Amino acid sequence: MEKHKEHSKESYSEVKKYIPSIELKKIPPDKALHLLRKAGYNINEEQSEEIMEFIYIIVKLTLKEFFTSDC
């Protein structure tokens, strides 16, 4: 499993250059875990943090798509 994490960190650093540097107000990790468990996901704290990081990336990319001009 450690090998997978190392590989995903390398991939993330390559992908990171495409993610806009928009500051977002983040949900505290304990609250995110509580909300995800309440929604029916049986996950641990680490998985919750990974899910939230993914969600923040999607939000940033969406904001970039809607609020940047290609003209």
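Residues numbered from 1 in each chain as written. Predicted model: local features only at pLDDT ≥ 70, side-chain atom pairs only at ≥ 80, totals over all residues. Heavy atoms only, no water.

Peer 1: Could you clarify how one ought to interpret the environment of Ile57 in this entry?
Peer 2: Relative to the helices and strands, Ile57 is located in helix α3 (residues 45-67). For Ile57 and Ile22, which are 35 residues apart along the polypeptide, the C-alpha to C-alpha distance reads 9.8 Å. (Helix = DSSP H or I, 4+ residues; strand = E, 2+ residues; numbered from the N terminus.)

Peer 1: Mind showing me how you'd approach the side chain of Lys60 here?
Peer 2: Along the polypeptide, Lys60 turns up in helix α3. Notably, Lys60 is buried but unbridged: the nearest opposite-charge side chain belongs to Glu23, and the N-O separation is 6.1 Å. Aside from chain neighbours lying at most four places away, what touches Lys60 is Ile19, Pro20, Ile22 and Leu24. (Buried < 20%, exposed > 50% of the residue type's maximum accessible area, 1.4 Å probe, protein only. Lys, Arg positive; Asp, Glu negative; His and termini not counted. Salt bridge = Lys/Arg side-chain N within 4 Å of Asp/Glu carboxyl O. Contact = heavy atoms within 4.5 Å.)

Peer 1: Before we go on, may I ask you to explain helix α2 (residues 29-38) in this structure?
Peer 2: Working note: α-helix, 3.6 residues per turn, so residues spaced by three or four point in the same direction. When we look at burial in α2, the residues that qualify are Ala32, Leu33 and Leu36. Projected down its long axis, α2 carries its buried residues within an arc of 100 degrees, all on one side. In α2, the exposed positions angled more than 90 degrees off the buried face are occupied by Asp30 and Lys38. Check the buried side of α2 and you find it contacts α3. One or two residues past the end of α2 sits Gly40, with phi positive at roughly 105 degrees. (Arc of directions from axis to C-beta.)

Peer 1: Help me understand the pattern of salt bridges, please; the structure alone is not making it clear to me.
Peer 2: Opposite charge on two side chains permits pairing when their charged atoms draw close. Per the stated rule, a full pass over the model turns up one salt bridge. A salt bridge links Lys26 to Glu53, with the nearest nitrogen and oxygen atoms 3.3 Å apart. Here Lys26, found in the loop between α1 (2-15) and α2, pairs with Glu53, found in helix α3; they are 27 residues apart in sequence, far enough to count as distant. The class of Glu53 is partly exposed, set by a relative accessible area of 35%.

Just geometry here; none of it tells us what the structure is for.
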